[in-house]
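Read off the chains here:
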Amino acid sequence: MKAPSSLTFVQAAAVFSLGVATAAVGQYLLTQQPSKPQRQAQALPIAAPSSSPVEVDALSAEQFSRICSFFGEEGFDKIQHAFVIVIGLGGVGSHAAHMLARSGVRHLRLIDFDNVTLSSLNRHAVATRADVGLSKAQVLKQRLLEIVPQANIEALPVMFEEAVADQLLAGPLVSLYDSNPACILDCIDDVTTKVALLAAASAKGLKVITATSAGGKADPTRIHIGSLQDSVRDNLATKIRYFLKKKNVDASTITTVYSSEKSRCKLLPLDADQVDNPNQFGNVENFRIRVIPVLGTMPTLT
């Protein structure tokens, strides 16, 4: 069975409401050669996957039957055997990982040092009030396994840093998957961390798709897929390009999901206590503590 030639994965993903960033991942996966089993897996000491992959049984075959019939067996096989890393599991990353799992990607590595907060429930894909205070990575892993029990999900509650880039971007622990990630989805909202990831992925020759800021924006018709060099009216993208240029990373080679809408809101001001004791209010030392108002549907679409 062959996939309809007149439709791209991006168009199809719109039908499935995957979100732009997730659709961009899918489009890339479908252009790759079928995965080949590996005899040995690279070790990642930080965490182990949830379970070993199993043959698709009757239940899972029915669960993914609509997607398989749409893209064809060959296309769906590429999706199933892809290994995708999602870094940053907030409004953008949680929805991307959620829909990648629902679309048949059977091996995900989820990376985020942060915990679920009450204020993040307006945009997080699966978290509830009962999850407040728990690791975003662990919460998302648990929910995804309830949806796709045969998936292999690595949940790493750590911050991405240059010092651990080799470990976090290494191949999966399960031997039936590629030795390198098919794609990395960058959903980080901090400039320093984002630059570290993009520079590391570029140096390793790994495919990465980055999502820029959805905060303070509300027009879904202004969301685009292009290169980081093309992104306009996005302060986060401007800063990223500046620092990547210092690292000799070509911004035009990085696929980017961005909004061309001018931000409607500014960063919320700090109160007196936050100004006097900033490290007491941030998640980690020297990490941003100011926040921008976010319409929950925008990061979902991104």
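This one's a predicted model, so the numbers in the text were calculated from it and none came from an experiment. Residue numbering note: each chain is counted from 1, following its sequence as written. It should be noted that, the model being predicted, local features are given only for residues of pLDDT at least 70 and side-chain atom pairs only at 80 or more, the latter also being counted only at that level, while totals for whole chains, interfaces and linings use all residues. Each side-chain value is worked out from all heavy atoms of the structure, with water and hydrogens disregarded.

Student: How should I be thinking about the overall build of the protein chain in this particular structure?
Tutor: Secondary structure counts use DSSP, requiring at least four H or I residues in a row for a helix and at least two E residues in a row for a strand, with both numbered from the N terminus. Looking only at helices and strands, the protein chain features 11 helices and seven strands. In this scheme, a residue with accessible area under 20% of its type's maximum is buried, one over 50% is exposed, and one in between is partly exposed, where area comes from a 1.4 Å probe on protein chains only. Here the protein chain, with 302 residues, has 48% of them falling under the buried criterion. As presented, the protein chain carries roughly 14900 Å² of accessible surface, and 51% of it is formed by carbon and sulfur atoms. With residues, only the protein chains shown are counted as cover, and all accessible areas are computed by Shrake-Rupley using a 1.4 Å probe.

Student: Any chance you could explain the pattern of salt bridges here in plain terms?
Tutor: Where side chains of opposite charge bring their charged atoms close, a pairing between them can arise. Each reported salt bridge corresponds to a side-chain nitrogen of Lys or Arg within 4 Å of a carboxyl oxygen of Asp or Glu. Using the criterion set out here, one finds seven salt bridges in the structure. With a shortest N-O distance of 2.5 Å, Lys-204 and Asp-166 are connected by a salt bridge. Taken together, the residues Lys-204 in helix H8 (residues 191-204) and Asp-166 in helix H7 (residues 165-168) connect sequence positions 38 residues apart. Residue Lys-204 is classed as partly exposed on the basis of its relative accessible area of 38%. With its nearest N and O atoms 3.1 Å apart, the salt bridge here joins Asp-186 to Lys-194.

Student: So what exactly am I meant to see when it comes to the environment of Phe-243 here?
Tutor: Here Phe-243 is to be found in helix H9 (residues 235-246). For Phe-243, a relative accessible area of 36% corresponds to the partly exposed category. Separated by 47 residues in the primary sequence, Phe-243 and Ala-196 have C-alpha atoms spaced 9.5 Å apart. Each residue touching Phe-243, except ones within four places of it in the same chain, is listed here: Val-191 and Val-195. The contact rule is simple, with two residues in contact once any of their heavy atoms fall within 4.5 Å.

Student: Mind showing me how you'd approach the packing of aromatic side chains here?
Tutor: What characterises a pair of aromatic rings is the spacing of the ring centres plus the angle enclosed by the ring planes. Here is the rule: rings of Phe, Tyr and Trp (six-membered ring for Trp) pair when centre to centre is within 6.5 Å. Planes less than 30 degrees apart are stacked, more than 60 are edge-to-face, and the remainder are tilted. Summed over all chains, the structure comprises three aromatic pairs. On the basis of an interplanar angle of 70 degrees and a centroid distance of 5.0 Å, the ring pair of Phe-70 and Phe-71 is categorised as edge-to-face. Taking 5.0 Å as the distance between ring centres and 80 degrees as the angle between the ring planes, the aromatic pair formed by Tyr-242 and Phe-243 counts as edge-to-face. Exposure remark for Tyr-242: the relative accessible area of 47% places this residue in the partly exposed category.

Student: Hey, could you run me through the nonpolar core in this one?
Tutor: Nonpolar side chains in soluble globular proteins tend to end up buried together. Each nonpolar core is a collection of buried residues, namely Ala, Val, Leu, Ile, Met, Phe, Trp, Tyr and Cys, held together in the definition by side-chain atoms within 4.5 Å. Counting 33 residues, the largest nonpolar core has Val-84, Val-86, Leu-108, Leu-110, Leu-140 and Leu-144 as its most contacted members. Of all the elements in the fold, those that place two or more residues in this core are helix H4 (65-80), strand S1 (83-87), helix H5 (91-102), strand S2 (107-111), helix H6 (136-147), strand S3 (152-156), strand S4 (183-186) and strand S5 (208-211). Counting residues per element, this core draws most heavily on H5, which supplies five residues. If we skip the residues at most four places from it in the chain, Leu-108 touches Val-84, Ala-97, Leu-100, Ala-101, Leu-144, Asn-152, Ile-153 and Glu-154. Counting 29 residues, the second-largest nonpolar core is a separate cluster that includes Val-191, Leu-197, Ala-201 and Ile-254.

Student: Looking at this model, I keep getting lost on the sheet that holds S4. Mind explaining?
Tutor: Pairing within the open sheet is mixed, and its seven strands lie in the order S3-S2-S1-S4-S5-S7-S6. Edge positions in the sheet fall to S3 and strand S6 (223-227), since each of these pairs with one other strand and no more. Here the strands of the sheet are splayed against their neighbours by 15 degrees on average, with no regard to which way each runs. Pairing of S1 with S2, which is carried by five bridges, proceeds in the parallel orientation. By this definition, two strands are paired if DSSP reports at least two bridges between them. Here the axes come from fitting lines to C-alpha atoms, over the contacting stretch only for helices, and the angles between their N-to-C directions go from 0 to 180 degrees.

Student: How do you make sense of the packing of H8 against H9 when you look at a structure like this?
Tutor: The geometry of a pair of packed helices is captured by two quantities: the angle between their axes and the separation between those axes. Contact pair H8 / H9: the axes reach a minimum separation of 10 Å and the direction vectors enclose 50 degrees. Relative to H9, H8 is oriented oblique. Regarding H8 and H9, the two cross each other, and that crossing is right-handed. Along the contact surface, H8 presents Val-191, Lys-194, Val-195, Leu-198 and Ala-199, while H9 presents Leu-236, Lys-239, Ile-240, Phe-243 and Leu-244. Among the residues forming the contact of H8 with H9, the class breakdown is eight nonpolar, no polar and two charged. To sort the angles, those under 35 degrees are grouped as roughly parallel, those over 145 as roughly antiparallel, those from 65 to 115 as roughly perpendicular, and the leftovers as oblique. Should the near helix be turned anticlockwise from the far one by less than a right angle, the crossing is left-handed, and should it be turned clockwise, the crossing is right-handed. Three categories are distinguished: nonpolar for Ala, Val, Leu, Ile, Met, Phe, Trp, Tyr, Cys and Pro, charged for Asp, Glu, Lys and Arg, and polar for the others, with Gly belonging to the last.

Student: What is the right way to look at the pairing of strand S7 (residues 255-259) in this model?
Tutor: Within a regular strand, side chains alternate between the sheet's two faces. By the criterion of burial, S7 is predominantly enclosed, with five of the five residues buried. The pairing of S5 with S7 spans three bridges and is parallel. Within S7, the position partnered with Ala-211 by the bridge is Val-257. Where S6 meets S7, five bridges bridge the pair, whose relative direction is antiparallel. Among the inter-strand pairings, Ile-225 is bridged to a residue of S7, identified as Val-257.

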